[in-house]
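Letter by letter, the chains look like this.
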Amino acid sequence: MASLDLDTPWLASSIESFDGSLDIHIEEVSSSASLDSLDKSKSIIHCSQTIPKPPPLPAKICQRTKNQRCLTKSCFVPKETKDLWDRLFREGYAADVHIITENGSVIPAHYSVLCVASAVLENFLQQSKAKNGIRYIKIPGLPYDAIYVFIRFLYSSCYDEGEMKKFVLHLLVLSHSYSVPSLKKVCVDLLEQRWLTTENVIDVLQLAKNCDAPRLSLICVRMIVKDFKTISLTEGWKVMKRANPSLEQELLESVVEADSRKEERLKKIEEKKVYLQLYEAMEALLHICKEGCRTIGPCDKVLKGSQVSCTFPACKGIETLVRHFSICKTRVPGGCMQCKRMWQLLELHSRMCSEPDLCKVPLCRHFKEKMQQQSKKDEAKWKLLVSKVMATKNAFGPFMSRRSSFS
């Protein structure tokens, strides 16, 4: 049973020594107990006026209405269609664009597909000059395989999971730079849910900030704050510290702020525990003085013995205090600490009691009368304590299990 420290400066008040006897019957027993967008240029859709309109679908066609859900449900792309577009890319049939990578390799593609998939690529292609019917664009600074996965996604929205995991950071940069939101969403989701580690979180954070991915950035910061000691020893942190000291300072401030919030939360939790324990002590004191509990209670009650169980967990601690208070010869607030705690509990009960004339707790009426003689400062402290105890009881009492207040 946890012990409760009631000996605080604001809790104590000067109380006169009381020499009167307690109207409590005590049997002698032995005590035992403890979280640079690019401007889109206009898209151009190339189509031939000579192509006839396709026949209507066999199923009912949803018309555009205020409710767009019908259109969404009817847009199902079968695997065969994706495979067809994937094959068109891999075989490069009638390709009219060559994409040059960093190592000089060439990826064949189609002008119309790239223009429809990316407004940025459309702008580049329109500015390029065709040679022998082929347009050339260069994507430097990234490996061939990453660019290959990127162009393939523009055709069929398909990717190999192993390749995606290997080049996810490159693909995040490509999807942002060339304005492909569908691929960017895939990269961000996979990083958030599965592929964020202590080793890559610093690199991911820097890319998330540069690629306008605020949610991913927030998740990275939270991960760094949570496991700062491990992440601060990684190679990514060391490189970031040299290349981007302002980001390091920002992260350090986040760690300090998180620690402060954590300490404040813990402090408030502990305060609420103390206030709840005080309320339970008041219940136990009233229970002992009114009904009696095992071997201690009012003189006009027949006690049931030490073997009877009690539903008030604070009773044991209160019983110990009452027994001591009844036999202590000092019994003054400054002379005996146990007696001082008992005086404070009695005064707290008196301030919470609404029926002093009928109350059986000793000194209840005495403290009610003494309130009128206290200074405004002491009175304000006691009122604040009572309000906090009652507020905590009302907020948590019905939902929290009872705890022992004293040991």
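Report on the accompanying structure.

Cut-offs used in this document
Starting afresh in each chain, residues are numbered from 1 along the sequence in its written order. A pLDDT threshold of at least 70 governs which residues receive local features in this predicted model, and a stricter bar of 80 or more applies before side-chain atom pairs are shown or counted, although totals over entire chains, interfaces and linings include all residues. Computation of side-chain values: all heavy atoms of the structure, hydrogens and water removed. Put simply, DSSP H or I for four residues or longer makes a helix, DSSP E for two residues or longer makes a strand, and each gets a number counted from the N terminus. Each residue is placed in one exposure class: buried if its accessible area under a 1.4 Å probe, protein chains only, is under 20% of its type's maximum, exposed if it is over 50%, and partly exposed if it falls in between. Each axis is a line fitted through C-alpha atoms, taken for helices only over the stretch in contact, and angles between the N-to-C directions span 0 to 180 degrees. An angle below 35 degrees is treated as roughly parallel, one above 145 as roughly antiparallel, one from 65 to 115 as roughly perpendicular, and anything else as oblique. Throughout, a contact is declared for two residues whenever any of their heavy atoms are within 4.5 Å. When residues are sorted by character, Ala, Val, Leu, Ile, Met, Phe, Trp, Tyr, Cys and Pro go into the nonpolar class, Asp, Glu, Lys and Arg into the charged class, and all the rest, Gly among them, into the polar class. Each pair of aromatic rings taken from Phe, Tyr and Trp, with Trp reduced to its six-membered ring, is defined by centres within 6.5 Å and is described as stacked if the planes are under 30 degrees apart, edge-to-face if over 60, and tilted in the remaining cases. Two strands are said to pair when DSSP picks up at least two bridges between them. Under the convention used throughout, the expected extent of a helix is 1.5 Å for every residue step, that is, one less than its residue count. Grouping buried Ala, Val, Leu, Ile, Met, Phe, Trp, Tyr and Cys residues that are joined through side-chain atoms within 4.5 Å yields what is termed a nonpolar core. Within 3.5 Å is the distance limit for a polar contact, defined as a pair of N or O atoms, with the added protein rule that one can donate a hydrogen and the other accept it, and that residues adjacent in sequence qualify only through two side-chain atoms.

Describing the overall build of the protein chain
Scanning the protein chain from terminus to terminus reveals 16 helices and five strands. For the protein chain, buried positions account for 38% of its 407 residues.

What to know about the packing of helix H12 (residues 245-290) against helix H14 (residues 337-352)
Taken N-terminus to C-terminus, the directions of H12 and H14 make an angle of 85°; their axes are 10 Å apart at the nearest point. Here H12 is positioned roughly perpendicular relative to H14, judged by the angle of their axes. Residue-level inspection shows Leu-278, Tyr-279, Ala-281, Met-282, Leu-285 and Leu-286 of H12 in contact with H14, the latter providing Met-342, Leu-345, Leu-346, Leu-348, His-349 and Met-352. Of the residues contributing to the contact of H12 with H14, the split by class is eleven nonpolar, one polar and no charged.

Considerations on the packing of aromatic side chains
The description of an aromatic ring pair rests on the distance of the ring centres and on the angle between the ring planes. Tallied over the full model, the rule gives seven aromatic pairs. Judged by centre distance (6.0 Å) and plane angle (35°), the rings of Tyr-144 and Tyr-148 are tilted. Highlighted residues: Tyr-144 and Tyr-148, both in helix H5 (residues 144-156), separated by four residues, approximately one helical turn. Tyr-148 sits in the partly exposed class, given a relative accessible area of 27%. One aromatic cluster in this structure is built from Phe-89, Tyr-144, Tyr-148 and Tyr-155.

Things to note about the sheet that holds strand E4 (residues 135-138)
On the basis of which strands lie adjacent, the open sheet formed by three strands has the order E3-E2-E4 and mixed pairing. On the outer flanks of this sheet lie strand E3 (106-109) and E4, each paired with one strand and no other. Strand after strand, the sheet turns through a mean of 25° between neighbouring axes, direction not considered. Here strand E2 (residues 97-100) runs beside E4; their pairing, made up of four bridges, is parallel.

Here we look at helix H8 (residues 201-210)
Restricting attention to buried positions, one finds in H8 the residues Val-201, Ile-202, Val-204, Leu-205, Leu-207 and Ala-208. In this structure, the buried side of H8 is in contact with helix H6 (161-177), helix H7 (181-195), helix H9 (214-226), helix H10 (228-231), helix H11 (235-243) and H12. The positive-phi residue at the C-terminal boundary of H8 is Asp-212, with phi of around 55°.

Regarding H7
Its 15 residues give H7 an end-to-end C-alpha distance of 19 Å, which sits within 8% of 21 Å, the value for a rise of 1.5 Å per residue. Buried within H7 are the following residues: Leu-183, Lys-184, Cys-187, Val-188, Leu-190, Leu-191, Glu-192 and Trp-195. Taken together, the buried residues of H7 touch H5, H6, H8 and H9.

Things to note about the pairing of E2
The alternating pattern of E2 places Val-97 and Ile-99 on a buried face and His-98 and Ile-100 on a face that is not buried. In this structure, E2 lies alongside E3, joined through four bridges in antiparallel fashion. When the sheet's bridge partners are listed, Val-97 is paired in E3 with Ala-109. Hairpin connection of E2 to E3: five residues between the antiparallel strands, including Gly-104 at a positive phi of 90°.

Considerations on the nonpolar core
Side chains of nonpolar character tend, in soluble globular proteins, to be buried together. One finds Ile-99, Leu-114, Phe-150, Ile-151, Leu-216 and Leu-251 to be the most contacted residues of the largest nonpolar core, which totals 56 residues. At eight residues, H5 tops the list of elements feeding residues into this core. Contacts of Leu-251, omitting those with residues within four sequence positions, involve Ile-202, Leu-205, Val-221, Ile-224, Trp-237 and Met-240. Judged by nonpolar contacts, the second largest core, of 35 residues, contains Tyr-279, Leu-285, Ile-318 and Cys-353.

A short note on the side chain of Ser-175
Tracing the backbone shows Ser-175 in helix H6. Side-chain polar atoms of Ser-175 contact the backbone oxygen of Leu-172, separated by 2.9 Å. If we ignore the near neighbours within four places in the chain, the residues touching Ser-175 are Phe-150, Val-180, Leu-183 and Lys-184.

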